[in-house]
Structure formats: structure tokens, C-alpha cells
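# Notes for the structure review
Residues per chain are reported as follows:
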Amino acid sequence: MTNNQNTKNILSIAGSDPSGGAGIQADLKSIAATGGYGMAAISALTAQNTQGVRSVHVPPAGFLTAQLKAVSDDIAIDAIKIGMLANARVINELGQWLAGVRAADTGAPAVVLDPVMVATSGDRLLDAESDAALRKLFAHTDVITPNIPELAVLARAEVATDWETAVTQARGVAAEYGVLVLAKGGHLESATCRDGLIDTGGVVVSVDSPRLHTPNTHGTGCSLSAALATCYARSGDWGSALRNAKTWLAEAISRADELSVGSGHGPINHFASLWDGVPPAQAGDPMEQWWSQIAAIRTGIDELGFIRALKDGSLAREHFEDYLGQDALYLRTYARVMSRASELAPDTESQRFWAASASSCLEEELALHRGRLAEHVPEPSATTTAYLNHLQASANDYPVLIAAILPCFWIYQDTGSRLAAANRQDHPYGDWLATYSSVEFDAATAAAIEITRTVHQGADERTRTAMWRAFEASSLHELAFFDQTAASATTRDTAAAEPVAAG
């Protein structure tokens, strides 16, 4: 078995859908759209279209095993997605093969199982023997992706009607079977659609996306689980995989109505962006893209004389107080800008987040003045004024505003994590560096990133471009803000005066 290290081979084990919207056909499209090479072993044949399933034929279980062995004997498998399994014999045969593959020395493929247990009508699709066999199969699985009715069956409970109940049920299933559970909020009544990876401790990562109103959602569950398996094979991180899979899926659903397939519930538009010439899953998480694109700015901040002197403790007191004074002035307007974001936010959760962040900002500004600057209130520098003018110019456009706000969270946390790590008992600014290490601020930063990501997913291309430009501009202002003290100027002057050796 050979495999180019840059290629990820993804095997789908599922039933077929001749209309192309679900099952193996949807899986192969999803795998290709999210950057993998798709392979398929068919567990069942269906006669169906966008209006419903007419007939199901299940080949002998031994033939599924023959397909699986033919693939695995020749090709390295990086991840497996499992969908429709019609009966106990098929499930048991698959379990035996999977146990052998997972025990092999060549590296176990990740396994994502979409437990097809409940029909759209609410009818149970598996008999008691098949249900028991499927639960045993979880022992060879990393993640299961039930919808809300299927989660209730697995948890032996009533169907959840809110997110908190779904999380509780998922935690119980995770504890019973030793798997990660992807709780999916598509069946819940809410303004956004929240999906979350759940373990025994609760939510590991959750991702919100806009709730899109279209009848064309055939194959959504199949497609998400296949995309999740592919994105994990590429990244090795389940959180990143979920974010990337959801980013792609939101785009595919939002453009489902552009297709003209059937007269019932049509499929999602798997290749919408690819047909535009922009393969979305290749690009990955837009927030990760943004972060990567400002790498030079982040490196520039780390190399500033002010940051280096603050880190090693050599920063002069007057330079430190210069920075604190400008920071205090900045925080006053920054708090007002976040209050404005709270006013513009489209949902209660986001409104509360921005309002709480604004309040926290004012408290921090007050602590700066009372704790370290006494009554001295400096005049805002040209650099501080330029940054604040940039933020205020964005204050009437919510997507652009939160993109402009984000760098103050994200860059401050990133730079601060290294400053906090440099702290020591005799550091002259040790009490200040200690404030950079905060579980609460880490959580707030993650929330700000997630809110921005969700808004970006639901935005049109023009708005996305404007969001990126606002984010990039704020990142440059962050660099300038840290660089405005005399400490950085002194360092630059010293460096310029040093002789340069001839190469």
C-alpha cells in the first residue's frame, strides 16, 4: 500500500442514491469538494429520488467485505465515513473488517459514523438486532454524527427540543460508548444552526452557522459527515475539521437553490464555489486564513523593541507609562465601539457578548488609571487617534465592525501569551504581565473569533472582502500602536548606528 503524503484517501461505506443527492454519491462529492480522494464500498442499493425512497436492495454481507478488502489491500486509507447499514449481518461483517484495519501497524484511519437510524418521517429504520450491532460498532469509531431524533434513540430519551438537552444527551452517549458525538442543531428551533463536538466533559468545540431557509437539503447529514472525515484527515484536529466542514456546508446549502434537480427536496450544491473557480475547502477556515495572512504583522510585533524590552524587564518606566496611558485612552473608545456592536448584533447571544466585553473594557481602563497612572491622563497620540478613527468609521456596518474589533482580542491574546510566559518573580512589570494570562480572556477571544466566523459564513462576497480589509487594517494599527513608544524608536536608532559586516 502506498500513498503520497499530500494526498488523503477517504473511504465511504454507505448506500447508494441514484438521484445523486445523498449516500455514496453525496459522500464522493463532499470528499472531493473538501480536498480528498474519494473511494466507495456500497452497503445497500436504493431506488430513490428527491421525493423519497421506493425500494432498497441489500447485497450479501460478504460482498461488502470483498469490496473493503479489495480497497484496503491496495490503498492506504486515511479516513473512513460510514453511513447507511441495513441489517445486523452487514454491520457485524463491517465491524470485523474495521477491527482488523484499526489494529494494523500502518496507522489507523479516523472513522466517522453517521448512524442512519430514523427516517425523515420519524420511523425507526433498524430492528432491535441491528440497533444492538450498530452500538457495538461504535467501539471502532472516533466520531458519531446523529441528528436530533437519532441522538434521542441512542440516549434512550425523548427527542431534544433545545441545545442544552441535546448536549446532555450527547454527553451520556459519549460516556457510554467512548466516542466523540457531533450534536447537530439542524432540527432545533433557533436563529442559527449550532453543531458541537461533545465528549464526557461537555462541548469540546461548537460552530454556529446561519439557519438557511431552503427545501433543498437532501443529503445534508451524509455530506457533513463525509466532509468532517476528510477535513480531519487533512488537519489532524477535530475542531478545525468541524469548522472547515461547516464553512463548506453552509456555502453548499446557501446555493442549493441554484440547482434544478427534481421536484421534491433537492440536493445541496456541493461544488458551488468550485464552479465559481474558488474551491472553498481548499481554502479552509476563513479565520485561519486571516490569521495566516497577518503572520508578517504578528512577527513584526514580536520583534519590536518595546515588546522585547517589556518581555525581558529592561523597559524604562517612562516608556511603560507612555504605553499604559495610550492604552487607557484607546480602551475608552474601544468600549464604546463594542457597545455599538452589541446594538447592531442580530442575535441575543452576540448582543450579550459585546455588551459584556464593553463593560470589561471600561473596568480595565479604570484599573489602568487608578492602579498605575494615578490622575495623569495623557493626550491621545496620532497613532492612537488613527486606530480609533478606523474603528469608528466601521461603526455602522456590523460585519465590518466586528472584523475591525477582532485583532485587539486576537493579537493581544497571542502576543500576551508569550509575554506572560516570560514573567518571573523579580520582573519589574510582573503584575502587569500576569494580566496577559487569563482563562477568561482566552474564552472571550475564542468567542469573538467564532462570532466573526459565523457572520463571515453568512455574508456575500463583497461583505467578506470588506471584513478582511477591516481586519487587516486593524492588525496594522495594532503593530503601529505597540511601536509608538520611545522604547521602539530607541531600539531602531541603536540598530541603525551599529556597523554592518560585509558579506
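Everything numeric here is computed off the predicted structure, so don't read it as measured data.

The next subject is the side chain of K184. Mapped onto the secondary structure, K184 falls in strand β7 (residues 180–184). Here the side chain of K184 touches T145 through a polar contact of 3.0 Å, landing on its backbone oxygen. Residues in contact with K184, not counting those within four places in the same chain, are D114, T145, P146, N147, I148, R194, D195, G221 and L224.

On to empty space enclosed by the protein. Under the criterion given, the structure shown has one cavity of 30 Å³ or more. Quantified by volume, the largest cavity comes out at close to 40 Å³. Considering the residues around the largest cavity, the lining is formed by G83, L85, I91, P115, V116, L126 and L134. Considering only residue class, the lining of the largest cavity consists of six nonpolar, one polar and no charged.

Locating L125 in the fold gives a position in the loop between β5 (110–113) and α4 (128–137). Exposure remark for L125: the relative accessible area of 44% places this residue in the partly exposed category.

The strand order β3-β2-β1-β4-β5-β6-β7-β8-β9 describes an open sheet built from nine strands, whose pairing is mixed. Across the chains shown, the open sheet's two edge strands, defined by having one partner strand only, are β3 (52–57) and β9 (202–210). Each of β1 (9–15), β2 (37–49), β4 (79–82) and β5 touches helix α3 (residues 88–103); the most contacted strand, β4, lies at about 170 degrees to it. Most of the contacts of helix α6 (residues 163–177) go to strand β8 (residues 192–199), to which it runs at about 25 degrees, and overall it touches β6 (143–144), β7, β8 and β9.

Turning our attention to helix α17 (residues 398–421). Taking 1.5 Å per residue, 24 residues should reach 34 Å; α17 reaches 35 Å between its end C-alpha atoms and fits that length. A maximum bend of about 25 degrees is found in α17 at I405, where proline P407 lies one to four positions downstream.

Attention now moves to the layout of surface pockets. Space inside the second largest pocket adds up to approximately 750 Å³. If you tally residues by element for the lining of the second largest pocket, the top one is helix α19 (residues 439–457), at five residues. The residue makeup of the lining of the second largest pocket, split by class, is twelve nonpolar, nine polar and eight charged.

For the rest of this paragraph, the subject is the nonpolar core. Ranked by size, the top nonpolar core spans 58 residues in total, and within it Y330, Y334, W354, I405 and F409 carry the most contacts. Sorting elements by how many residues they give to this core places α17 first, with 14 residues. Non-local contacts of W354, meaning those with residues more than four positions away in its chain, are made with M338, A341, S342, A345, Y398, I402, I405, F409, A448 and I451. Counting 46 residues, the second-largest nonpolar core is a separate cluster that includes A61, L94, V111 and L151.

To continue, consider the pairing of β1. Along any regular strand the residues' side chains alternate between the sheet's two faces. Most of β1 is tucked away, with seven of its seven residues classed as buried. Pairing between β1 and β2: seven bridges, direction parallel. In the strand pairing of β2, I10 is matched with G38. At this point the chain moves from β1, through helix α1 (residues 23–33), to the parallel β2, and the crossover so formed is right-handed. Both β1 and β4 contribute to a ladder of four bridges, which runs parallel. Among the inter-strand pairings, L11 is bridged to a residue of β4, identified as I80.

The sheet contact formed by β8 and β9 spans eight bridges and is antiparallel. Across the sheet, the residue bridging to I198 is V203, located in β9. Here β8 folds back onto β9, and the loop between the two strands holds two residues.

Attention shifts here to the packing of helix α11 (residues 286–293) against α17. Packing of α11 against α17 leaves a shortest axis separation of 12 Å and a crossing angle of 65 degrees. Judged by the angle between their axes, α11 and α17 are roughly perpendicular. By crossing handedness, the relation of α11 to α17 is classed as right-handed. Of the residues in α17, those touching α11 at M287, W290 and W291 are A403, L406, W410, I411 and D414.

About the criteria used
- Residues numbered from 1 in each chain as written.
- Predicted model: local features only at pLDDT ≥ 70, side-chain atom pairs only at ≥ 80, totals over all residues.
- Heavy atoms only, no water.
- Helix = DSSP H or I, 4+ residues; strand = E, 2+ residues; numbered from the N terminus.
- Polar contact = N/O pair within 3.5 Å; in protein donor to acceptor, adjacent residues only side chain to side chain.
- Contact = heavy atoms within 4.5 Å.
- 1 Å grid on protein atoms, 1.4 Å probe; cavity = no way out; pocket = protein on both sides within 12 Å on 5 of 7 lines; lining within 4 Å.
- Points joined across faces, edges and corners; volume = space filled by probe spheres on them.
- Nonpolar A, V, L, I, M, F, W, Y, C, P; charged D, E, K, R; others polar.
- Buried < 20%, exposed > 50% of the residue type's maximum accessible area, 1.4 Å probe, protein only.
- Pairing = 2+ DSSP bridges.
- Axes fitted to C-alpha atoms, helices over the stretch in contact; angles between N-to-C directions.
- Expected span 1.5 Å × (residues − 1).
- Bend = angle between axes of the 7 residues up to and from the residue.
- Core = buried A, V, L, I, M, F, W, Y, C linked by side-chain atoms within 4.5 Å.
- Right-handed = clockwise from strand over helix to strand, strands pointing away.
- Parallel < 35°, antiparallel > 145°, perpendicular 65-115°, else oblique.
- Left-handed = near helix turned anticlockwise from the far one by under 90°.

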